[in-house]
Protein chains: 4
Amino acid sequence: MRKKLISVLQSILLCILYSWGGYVCAEQDASKFYLPNDITQAQAEQVMAAAVKKAVDNKLLMNIAIVDAGGNLKAFVRMDGAFLASIDIAIKKAKTARSLNMSTYELSKLAQPGNELYGIEATNGGMAIFGGGELIKNKDGLIVGAIGVSGGSVAEDMTVAQAGAAVMVK
Amino acid sequence: MRKKLISVLQSILLCILYSWGGYVCAEQDASKFYLPNDITQAQAEQVMAAAVKKAVDNKLLMNIAIVDAGGNLKAFVRMDGAFLASIDIAIKKAKTARSLNMSTYELSKLAQPGNELYGIEATNGGMAIFGGGELIKNKDGLIVGAIGVSGGSVAEDMTVAQAGAAVMVK
Amino acid sequence: MRKKLISVLQSILLCILYSWGGYVCAEQDASKFYLPNDITQAQAEQVMAAAVKKAVDNKLLMNIAIVDAGGNLKAFVRMDGAFLASIDIAIKKAKTARSLNMSTYELSKLAQPGNELYGIEATNGGMAIFGGGELIKNKDGLIVGAIGVSGGSVAEDMTVAQAGAAVMVK
Amino acid sequence: MRKKLISVLQSILLCILYSWGGYVCAEQDASKFYLPNDITQAQAEQVMAAAVKKAVDNKLLMNIAIVDAGGNLKAFVRMDGAFLASIDIAIKKAKTARSLNMSTYELSKLAQPGNELYGIEATNGGMAIFGGGELIKNKDGLIVGAIGVSGGSVAEDMTVAQAGAAVMVK
């Protein structure tokens, strides 16, 4: 209780001290800052926990990224020993899935030499065109984000990503 | 009528011809692909029309960009003779405003040497830290996007951007 | 009439108020700022309207970008629910078409493994090497810009892009 | 128990099915893949939890990023309604702090016009030169990573970042 009071007083003090810098300290109403149905932090944590659990169960070292409906990063975890390259790959898988409204596995087929979308990986500052990115939908089927997993084989990445996304439709 | 029939038949034919490429031709349900309250194409067109009108009235040559709640480009127009540099500036102003939930004019004050956010323009692949980016809110005060205008003085850019954004709360 | 007068007065006032900022308020002669035959805002709007109409008729969710003869963005529209990835793809298709003076469909054949331009997508900050980018020519056959469409299959994208470009030679 | 068995069998099956793809399924020894004292996933979660708690206590909407000793992203969380721009800023603050072995607040002073490191923000693909990035040290004073926080005033960002980093030396 006392700790909380100190924390609040500290905030007020900071506001006074730093208000000369032009920063407005009035409490922000978070609900005005994001669309009502977008994936929440709490939901992202559930998705992340389910994905990490699947990775641990399968003894996999994974990078896991979650983006919201706007394709913007919401949560990320790199397990100990997981590939450094997979930081960017996991994030790109999630963004790619959301920005094409399909899993990156579906995309991988379209992006092969000779097929429809061959070369698409050179757009958008680099896209991930192999499996491991899956859409996150809510119970109504609305796309609210995407999850990207990288660190194992494509099949392993997909298994972990799907385990994460599945939480939202349970 | 007959033209429409031909158009539909053409679509079906295309689906048959190209389905070997792996592309799914089933009609897409747009409503599952974006969050309910996000700015719509129709709204973006109204905002754009109001901004262009203000620019024409004030004899200004403007680049005008509109982004949605996720900060992703929704609409863009470059008037004849408007600065080429302002293509990127207008887009960055809109993205910057949305991604900090404040006008770029407010930001410009915080980003001056010695102030809180000095140097912020070096993040996010380049941010616009001078006026001309304004939030687009709906009647409930929810942020649904932003508009960025570039081509005149900061005051002129702001006037045009505000004229665009004002349409949504009328 | 009165409204216009107020608008003009407002402009003059802004000039006086903000001229200390170093900005020159003298009226700009737009005609000195772009090449005589370049695609105009009015023409771009006609091209855009025709492309959007074709997309609506075919029940497609599209991103549509138009660039001028200099390859610089002139107009852009994202229909509701259209792919986020296609913002960049549509713009890149238009730029790619203009910067190689061929449709991206023609380019797609040259860019396949083993062919002449294999790997070209890695240049220019990323090029689009699949169909959906079409040149915009005027009645004299002069290239005045390009249109890029993304959101459907390649065939669908091409159909919409061609419907847009066709307006200029009617 | 039975669930775990199924999970293991599933992994083995995946290895058999997909090994033709060239991916080696032998169990990986995570401990060979990162330095002994580097920040672990478990530690990063503790740091993150403490930072999020401080943000919630102070009613702040924050983006929080943690990098390891190599400056590579380890964990990230964006709270609901937190600035979109702060995704990149939080990550850059953490990377900047680690890559210069000082807090970004210390750096902010050196990076002002006229001072030693003026202009440094233009290097490394963009650096963050305002407070909110803090080093994470272990009990021996060894730098094992850094935390970057963005969403409030600089003072607020610093308070939250320091609350996170403090966990490691308790």
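This structure is a prediction, so every number in the text was calculated from the model and none was measured.

Trainee: How would you sum up the sheet that holds strand 1 (residues 63-68) of chain B? Please name residues and give values.
Mentor: Across a sheet, paired strands are connected by hydrogen bonds in the backbone, their directions being either parallel or antiparallel. With respect to topology, 8 strands assemble into an open sheet ordered 3(B)-4(B)-1(B)-2(B)-2(C)-1(C)-4(C)-3(C), the strand pairing being antiparallel. Two strands close off the open sheet at either side, each with one partner strand: strand 3 (133-137) of chain B together with strand 3 (133-137) of chain C. Ignoring strand direction, the axes of neighbouring strands in this sheet form an average angle of 20°. Here strand 1 of chain B runs beside strand 4 (residues 143-150) of chain B; their pairing, made up of 6 bridges, is antiparallel. Of the residues in strand 4 of chain B, the one forming a bridge with Asn63 of chain B is Ser150 of chain B. Against the sheet, helix 5 (residues 154-166) of chain C contacts strand 1 (63-68), strand 3 and strand 4 (143-150) of chain C, and its axis sits at roughly 150° relative to strand 4 of chain C.

Trainee: Go over the packing of helix 2 (residues 41-57) of chain D against helix 5 (residues 154-166) of chain D with me, naming the residues and quoting the values.
Mentor: Residues and elements named next belong to chain D. The contact between helix 2 and helix 5 brings their axes to 7 Å, and the two run at 145°. The hand of the helix 2/helix 5 crossing is right-handed. Contact residues: helix 2 offers Val47, Ala50, Ala51, Lys54 and Ala55, while helix 5 offers Thr159, Val160, Ala163, Gly164 and Ala165.

Trainee: An account of the pattern of salt bridges is needed here, citing residue identities and associated values.
Mentor: This model, assessed by the stated rule, comprises 20 salt bridges over all chains. Across the pair Arg78 of chain B and Asp68 of chain C runs a salt bridge whose closest N-O atoms are separated by 2.8 Å. Of this pair, Arg78 of chain B sits in strand 2 (residues 73-78) while Asp68 of chain C sits in strand 1, on two different chains. Note on Asp68 of chain C: relative accessible area 5%, which makes it buried. With a closest N to O distance of 2.8 Å, Lys74 of chain C and Asp80 of chain B form a salt bridge. With Lys74 of chain C in strand 2 (residues 73-78) and Asp80 of chain B in the loop between strand 2 and helix 3 (85-100), this pair bridges two chains. Note on Lys74 of chain C: relative accessible area 4%, which makes it buried.

Trainee: Tell me about helix 3 (residues 85-100) of chain C, and please be specific about residues and values.
Mentor: Residue and element names in this part refer to chain C. In this model helix 3 runs 22 Å from its N-terminal to its C-terminal C-alpha over 16 residues, within 8% of the 22 Å that 1.5 Å per residue would give. Taken across its 16 residues, helix 3 has 12 buried, putting it largely inside the fold. Among the residues making up helix 3, those that are buried are Ala85, Ser86, Ile87, Asp88, Ile89, Ala90, Ile91, Lys92, Lys93, Ala94, Thr96 and Ala97.

Trainee: Can you tell me about the environment of Phe33 of chain A, naming the residues and giving the values?
Mentor: By the element assignment, Phe33 of chain A lies in the loop between helix 1 (2-18) and helix 2 (41-57). Residue classification places Phe33 of chain A among the buried residues on the basis of a relative accessible area of 14%.

Trainee: Explain the confidence of the model for chain A to me, using residue names and the numbers behind them.
Mentor: All names here are of chain A. The pLDDT averaged across chain A works out to 90; a share of 84% of its residues lies at or above 70. Across residues 18-22 the pLDDT falls below 50, and counting only partners more than four positions away or on other chains, this stretch makes 8 contacts in the model. In the predicted assembly, ipTM is 0.87 and pTM is 0.88.

Trainee: Can you lay out the sheet that holds strand 2 (residues 73-78) of chain A for me, pointing to particular residues and giving the numbers?
Mentor: Spatially, 3(A)-4(A)-1(A)-2(A)-2(D)-1(D)-4(D)-3(D) is the arrangement adopted by the 8 strands of the open sheet, whose pairing is antiparallel. Only two strands of the sheet have a single neighbouring strand rather than two, namely strand 3 (133-137) of chain A together with strand 3 (133-137) of chain D. Neighbour-to-neighbour, the strand axes of the sheet open up by a mean angle of 20°, direction not taken into account. In this structure, strand 3 of chain A lies alongside strand 4 (residues 143-150) of chain A, joined through 5 bridges in antiparallel fashion. Pairing of Lys137 of chain A across the sheet is with Ile143 of chain A, part of strand 4 of chain A.

Trainee: Before we move on, can you summarise the environment of Ile136 of chain B with the specific residues and values?
Mentor: Residues and elements named next belong to chain B. You can see Ile136 is positioned in strand 3. Note: C-alpha distance between Ile136 and Ala161 (25 residues apart in sequence) is 9.5 Å. Non-local contacts of Ile136, meaning those with residues more than four positions away in its chain, are made with Ile39, Val47, Ile66, Leu142, Ile143, Val144, Gly145, Ala146, Ile147, Ala165 and Met168.

Cut-offs and rules
- Throughout, a residue's number is its position along its own chain's written sequence, starting from 1.
- By the order in which they are written, chains take letters starting at A while ligands take numbers starting at 1.
- Only residues with pLDDT of at least 70 are given local features in this predicted model, and only at 80 or more are side-chain atom pairs given and counted; all residues enter the totals for whole chains, interfaces and linings.
- As a rule here, side-chain values come from all non-hydrogen atoms in the structure, and water together with hydrogens is ignored.
- By definition, two strands form a pair when at least two bridges between them are found by DSSP.
- To qualify as a helix, a DSSP run of H or I must reach at least 4 residues; to qualify as a strand, a run of E must reach at least 2; elements of each kind are numbered from the N terminus.
- Each axis is a line fitted through C-alpha atoms, taken for helices only over the stretch in contact, and angles between the N-to-C directions span 0 to 180 degrees.
- Contacts: residue pairs with any heavy atoms within 4.5 Å of one another.
- Each crossing gets its handedness from the near helix: less than a right angle anticlockwise from the far helix is left-handed, clockwise is right-handed.
- When a carboxyl oxygen of Asp or Glu is within 4 Å of a side-chain nitrogen of Lys or Arg, the pair counts as a salt bridge.
- For every residue, the accessible area obtained with a 1.4 Å probe (protein chains only) is divided by the maximum for its type, and the residue is called buried under 20%, exposed over 50%, and partly exposed between those limits.
- Expected span, for any helix, means 1.5 Å times one less than how many residues it has.
- On a range of 0 to 100, pLDDT expresses the predictor's confidence in each residue.

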